[in-house]
Amino acid sequence: MFDQSPFECRVEWGKRGAREAAERCDITIVVDVLSFSSTVVSAVNKGAIIYPYPPNLDGHLYAKNLGADYILGRKEAVILGRPTLSPVSFNEQHANQKYVLSSLNGAFCSWIATKVPALLIGSLLNYSAVARIAKRLKHETKANITVIPCGELWNEIRENEDSLRPSIEDYLGAGAILSELSGTKSPEAEVCIGAYEHSKDRISELVWDCGSGRELREKGYEADVIHCSQMNKYQTVPILRNGSFVDASNLGYATKKG
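A quick note: this is a predicted structure, and the numbers were derived from the prediction, not measured.

1. What about the pairing of strand S6 (residues 119-122)?
Along S6, one buried face is formed by Leu-119 and Ile-121 and the opposite face, lined by Leu-120 and Gly-122, is buried too. Where strand S2 (residues 27-31) lies against S6, four bridges are found, and the strand directions are parallel. Paired with Val-31 across the strands is Gly-122, a residue of S6.

What follows is the structure, given as structure tokens:
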């Protein structure tokens, strides 16, 4: 009843949505604008190799076994001069280096969806390019597409309350991607597209002032909010291969238009 059949393009929220997409074997696009998706796109654009990992498992051990660095929290990593979940912390010096990136939302959703036909990372930074790759993969695999706005988690949960906090930045990012996909859209996807179309001229303003944006700004990460709000800054499309995200262009997928 709730799987949005028989539509080709769908939208599902959070970890439950990622599981639903995986069980349907859909091409899956994870959208966590602040900040997992934006960080992965930015890091892969600089040539870094990113392994997603859920926060409830031992990421340090996983990184050690891979010969990778485990990405620390923003404050700790800044002190040590290392890249963090902040997308602006990556640069060309991190090219060809392996990093394990764990987060409560985007990384967790990616981990759940690792067995789908294709797992892509989308954000405002690359929404047109990721839509182009998804359309090509859909043509090749004949699979449907599910876009996953990851949302956030409430800080304090009382008994019998849901932990997922729907976040507008992820919904708008999902809508931007869905607006450029071909194929039939579910009503849920149509409404998501409508939210984006109505707001697309004010994206940076809305992300700056939304709850997630204010939270980061109050912690001193204004640069992250500004960076993540940019539209189509990159042609980079991270795609999961052998446990890590690499640029789809390196696998022969043209990410540029035309």
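From this point, the discussion proceeds with the structure in view.
2. Quick notes on the layout of surface pockets
One number sums up the size of the largest pocket: a volume of about 760 Å³. Counting residues per element, the ones that place at least two in the lining of the largest pocket are helix H4 (74-80), strand S5 (98-102), strand S8 (152-153) and helix H10 (211-218). Among the elements that line the lining of the largest pocket, the one with the most residues is H10, at three residues. For the lining of the largest pocket, a count of residues per class yields 12 nonpolar, seven polar and seven charged. Approximately 280 Å³ is the volume attributed to the second largest pocket. A per-element tally of the lining of the second largest pocket places helix H1 (residues 14-24) first, with three residues.

3. A closer look at H10
Side chains three or four residues apart in an α-helix point the same way, a direct result of the helix having 3.6 residues per turn. Buried within H10 are the following residues: Ser-212, Gly-213, Leu-216 and Arg-217. Take H10 and look down its axis: the buried residues cluster within an arc of 135°, on one side only. Taken from the residues just after H10, Gly-220 is the one with a positive phi, measuring 95°.

4. Points about unusual backbone geometry
Here the bond from Ser-5 into Pro-6 is cis, since omega is 5°, no more than 30 degrees from zero. Looking at the secondary structure, you find Pro-6 in the segment before strand S1 (9-11). Residue Ser-35 is reached from Leu-34 by a cis peptide bond, and omega for that bond is 20°. Relative to the helices and strands, Ser-35 resides in the loop between S2 and helix H2 (36-45). The phi dihedral of Cys-25 falls on the positive side, at around 60°, and the residue is not glycine. Judged by its relative accessible area of 43%, Cys-25 falls in the partly exposed class.

5. Here we look at the pattern of salt bridges
Within the structure shown, the criterion is met by 12 salt bridges. The salt bridge involving Asp-26 is made with Arg-10; its shortest N-O contact spans 3.1 Å. Taken together, the positions of Asp-26 in the loop between H1 and S2 and Arg-10 in strand S1 put the pair 16 residues apart, joining distant regions of the chain. Grouping residues by exposure puts Asp-26 and Arg-10 together as buried. Note that Lys-200 is salt-bridged to Glu-197, the shortest N-O span being 2.9 Å. Within this structure, Arg-10, Glu-12, Arg-24 and Asp-26 form a network of salt bridges that share partners.

6. Some words on the nonpolar core
Ranked by size, the top nonpolar core spans 41 residues in total, and within it Ile-29, Leu-120, Leu-137, Val-147, Ile-177, Leu-178 and Leu-181 carry the most contacts. Among the elements that make up this core, the one with the highest residue count is helix H6 (residues 127-141) (seven residues). Apart from the residues lying within four places of it in its own chain, the contact partners of Leu-120 are Thr-28, Ile-29, Val-30, Val-130, Ile-133, Ala-134, Leu-137, Val-237, Pro-238 and Ile-239. Ranked by size, the runner-up nonpolar core spans 27 residues in total, among them Val-30, Ala-43, Tyr-99 and Leu-101.

7. With respect to the side chain of Lys-138
Take Lys-138: it is sitting in helix H6. Dropping the residues within four chain positions of it, Lys-138 is found in contact with Glu-8, Ile-27, Ala-143, Ile-145 and Ser-182.

What counts and how
- Within each chain, residue numbers correspond to sequence positions counted from 1 in written order.
- Confidence filtering applies because this is a predicted model: local features only for residues at pLDDT of at least 70, side-chain atom pairs given and counted only at 80 or more, and all residues used for totals across whole chains, interfaces and linings.
- With hydrogens and water set aside, each side-chain value is computed from the structure's full complement of heavy atoms.
- Buried means the residue's accessible area, taken with a 1.4 Å probe over protein chains only, is under 20% of the maximum for its type, while exposed means over 50%, and partly exposed covers the values in between.
- Helix numbers and strand numbers start at the N terminus; a helix is a DSSP run of H or I with at least 4 residues, a strand a run of E with at least 2.
- The pairing criterion for strands is at least two bridges between them, as found by DSSP.
- In this analysis, the protein atoms alone were mapped onto a 1 Å grid. Cavities are point sets where a 1.4 Å probe fits without being able to get out; pockets are open sets with protein on both sides within 12 Å along at least five of seven lines; lining residues have an atom within 4 Å of a point.
- Grid points are joined across faces, edges and corners, and a volume is the space filled by probe spheres set on the points.
- Three residue categories are used. Nonpolar comprises Ala, Val, Leu, Ile, Met, Phe, Trp, Tyr, Cys and Pro, charged comprises Asp, Glu, Lys and Arg, and polar comprises the others, including Gly.
- To obtain the arc, one takes the directions from the helix axis to the C-beta atoms.
- Salt bridges are defined as contacts in which a side-chain nitrogen from Lys or Arg sits within 4 Å of a carboxyl oxygen from Asp or Glu.
- By nonpolar core we mean a set of buried residues, namely Ala, Val, Leu, Ile, Met, Phe, Trp, Tyr and Cys, connected to one another through side-chain atoms within 4.5 Å.
- Contacts were defined at the residue level, with two residues in contact if any of their heavy atoms lie within 4.5 Å.

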